[in-house]
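Structure at a glance
Chain residues, written in single-letter form:
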Amino acid sequence: MLKVEVYRYNPDTDSKPSMKSYDLDTQGKDLMVLDVLEMLKDEDPSLTYRRSCREGVCGSDGMNINGKNGLACITPLSECVKGNKLVLRPLPGLPVIRDLIVDMSIFYAQYAKVEPYLQNNTPAPAIERLQSPEDRAKLDGLYECILCACCSTSCPSFWWNPEKFIGPAGLLQAYRFLADSRDTAENERLAKMDDPFSVFRCHGIQNCVAVCPKGLNPTRAIGHIRNMLLQRAT
Amino acid sequence: MVTAVTNLGRSGVYDWLIQRVTAVVLTLYTFFIVGFILSNSPLDYATWEELFSQFWVRIFSLLALVSLAAHAWIGLWVVLTDYVTTLTMGSKGTAIRLFLQVVLGVVTVAYTVWGIEILWGL
């Protein structure tokens, strides 16, 4: 039997959050964490969490699994369970709406801040803006982000200053547009980030790199932004 | 753009660069002083006095002192704005942080002036 502890909180009925224990027979199968949650929900329909695609594409079921942020749907028990115990908590640092569901407003606000869309002030071509295969390759490792928030909510700098530090997810996207050959707003983008918080609150501890379910490297992207800021300012 | 007026250089790049440059100065100075002490042991007052009677040693020491002041200000400013905020301490956070920043500033300036007095007031 797998012992599962789940963070439970219903603001309508509970005065404070608590951990609820379940015993689950996995029949020896190496299930995904999301499968475990589905089985628990059959048993206890009040258990609440977000999910959608169940294959690591939508980014809905980011949560703290045995102390490490990850997507429940692509994290097998064999990868996270130690001592036959599974502890599930909501993503750290964000307000909890209910059980494993967090309020991601501040995370999205930081994403919006980096203006995550192409900006180009040259006349639009007749068909489309072309990009060489080499320039396109510069976006690899950046565009794949699914905004699951596993990285930003594992970052202490984001915990302490979620309103001022853009966070690894937002900064990865900031660099995705800074690196795009079709974008002409480089200077304006950089000007908005040259303060002691937006970029520079990153101290390079690489929690973001350790948890990213897509294997991306926000710390490296932040390093590129810092170099661009340095180049612009010196 | 997040506004900040209590950090050293008003700009993130400036603070970042100063932090790195001062770290290099402090590393070199530490090696220099520790190396001198180790290669002159047992150290007596005459040797120590002779070292600091040299102009370049006093310049190097002053450089290290100013670097320490800047490095400490930037570093501790980051620590205070992480841990002493309204998020961690409620509505009093800003007042407490500002008070600590003033204390930090006074201490930093006082030590720097005192250090200059020691180095050049011989």
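Structure first, text after, so check above.
As the structure is a computational prediction, the values presented were derived from the model and not from experiment. (Residues numbered from 1 in each chain as written. Chains lettered and ligands numbered in written order. Predicted model: local features only at pLDDT ≥ 70, side-chain atom pairs only at ≥ 80, totals over all residues. Heavy atoms only, no water.)

**Structural notes on the nonpolar core**
In globular proteins that are soluble, nonpolar side chains generally tend to be buried together. The condition is simple: Nonpolar cores are built from buried Ala, Val, Leu, Ile, Met, Phe, Trp, Tyr and Cys residues. Side-chain atoms within 4.5 Å join them into one set. Whether a residue is buried, partly exposed or exposed follows from its accessible area with a 1.4 Å probe, protein chains only, as a fraction of its type maximum: under 20%, in between, or over 50%, in that order. Contacts are assigned to residue pairs that have any heavy atoms within 4.5 Å of one another.
Judged by nonpolar contacts, the single largest core of 67 residues is most densely connected at Val4, Val36, Leu86, Leu88, Met193 and Ile225 of chain A. Beyond its immediate sequence surroundings of up to four residues, Val36 of chain A is in contact with Leu2, Val4, Leu24, Leu31, Leu77 and Leu86 of chain A. Counting residues in hydrophobic clusters, the runner-up holds 10 residues, among them Leu26, Tyr29, Ile33 and Phe36 of chain B.

**What to know about the environment of Ser52 of chain A**
Residues and elements named next belong to chain A. Here is the rule: Runs of H or I in DSSP of at least four residues are treated as helices and runs of E of at least two as strands, each being numbered from the N terminus.
With respect to the helices and strands, Ser52 occurs in the loop between helix H1 (33-43) and strand E3 (62-65). Here the alpha-carbon distance between Ser52 and Cys150, two residues 98 residues apart in the chain, equals 16 Å. Leaving out residues up to four positions away in the same chain, Ser52 has contacts with Cys58 and Ser60.

**Here we look at the side chain of Asp99 of chain A**
Residues and elements named next belong to chain A. Note the threshold: Identification of polar contacts relies on pairs of N or O atoms within 3.5 Å, with a donor-acceptor requirement for protein atoms, meaning one able to donate a hydrogen and the other able to accept it, and with residues adjacent in sequence counted only if both atoms are side-chain atoms.
In this structure, Asp99 sits in the loop between strand E6 (96-98) and strand E7 (101-102). Polar contacts involving the side chain of Asp99 include one to the main-chain amide nitrogen of Tyr9, which spans 2.9 Å. A polar atom in the side chain of Asp99 sits 2.9 Å from the backbone nitrogen of Thr48. Residues contacting Asp99, with those up to four places away along its chain left out, are Tyr7, Arg8, Tyr9, Ser46, Leu47, Thr48 and Pro90.

**Here's the deal with the pattern of salt bridges**
Any two side chains of opposite charge can pair, given that their charged atoms come close. All names here are of chain A. Defined as follows: Basic side-chain nitrogens of Lys or Arg form a salt bridge, by our definition, when they fall within 4 Å of a carboxyl oxygen of Asp or Glu.
Considering all chains together, one arrives at 13 salt bridges over all chains under this definition. Taking the shortest distance from any N to any O, the salt bridge between Asp44 and Arg8 comes out at 3.0 Å. Pair noted here: Asp44 is in the loop between H1 and E3 and Arg8 is in strand E1 (residues 2-8), with a separation of 36 residues, a long-range link. Looking at Asp44, the relative accessible area reads 11%, which means it is buried. Connected via shared salt-bridge partners are Arg8, Lys20, Asp44 and Asp99.

**Notes on unusual backbone geometry**
Residues apart from glycine generally show negative phi values, whereas peptide bonds are mostly found in trans. Cis geometry marks the peptide bond from Ser41 of chain B to Pro42 of chain B; its omega dihedral reads 0°. Among the secondary structure elements, Pro42 of chain B is positioned in the loop between helix H1 (12-39) and helix H2 (45-53). One non-glycine residue, Leu147 of chain A, lies in positive phi territory at about 55°. Structurally, Leu147 of chain A can be placed in the loop between helix H4 (133-137) and helix H5 (156-160). Leu147 of chain A gets classed as buried once you look at its relative accessible area, which sits at 18%. Although it is not a glycine, Gln206 of chain A adopts a positive phi angle of roughly 65°.

**A few points about the sheet that holds strand E2 (residues 18-24) of chain A**
All names here are of chain A. This is how it is decided: Two strands make a pair as long as DSSP finds a minimum of two bridges between them. To define axes, lines are fitted to C-alpha atoms, for helices over the stretch in contact only, and angles between the resulting N-to-C directions are given on a 0 to 180 degree scale.
Spatially, E2-E1-E5-E3-E4 is the arrangement adopted by the 5 strands of the open sheet, whose pairing is mixed. A strand with exactly one partner marks an edge of an open sheet, and here the two such strands are E2 and strand E4 (68-71). Put simply, the sheet's adjacent strands are angled 30° from each other on average, direction ignored. Here E3 runs beside E4; their pairing, made up of 4 bridges, is antiparallel. Counted as the bridge partner of Asn64 is Asn69 from E4. With respect to the sheet, H1 is in contact with E1, E2, E3 and strand E5 (85-89), its orientation differing from that of E2 by roughly 95°.

**Focus on the packing of aromatic side chains**
Heads up, the rule is: Any Phe, Tyr or Trp ring, taking Trp's six-membered ring, that has another such ring centre within 6.5 Å forms a pair; planes under 30 degrees apart are called stacked, those over 60 apart edge-to-face, and the others tilted. Geometrically, a charge over a ring is one whose NZ (Lys) or CZ (Arg) sits within 6 Å of the ring centre while staying within 35 degrees of the ring normal.
Tallied over the entire structure, the rule returns 13 aromatic pairs over all chains. Measuring from centroid to centroid gives 5.5 Å for Phe32 of chain B and Phe60 of chain B, while their planes differ by 45°, and the two rings are tilted. Here Phe60 of chain B lies in helix H3 (residues 55-83) and Phe32 of chain B lies in helix H1, a separation of 28 residues in the sequence. Residue classification places Phe60 of chain B among the buried residues on the basis of a relative accessible area of 17%. Through a chain of ring-to-ring contacts, the aromatic side chains of Tyr29, Phe32, Trp56 and Phe60 of chain B assemble into a single cluster. When the ring centre of Tyr143 of chain A is taken as reference, the NZ or CZ atom of Arg136 of chain A above it lies at 4.8 Å. The ring of Phe197 of chain A has Lys164 of chain A lying over it, and the distance from NZ or CZ to the ring centre is 4.6 Å.

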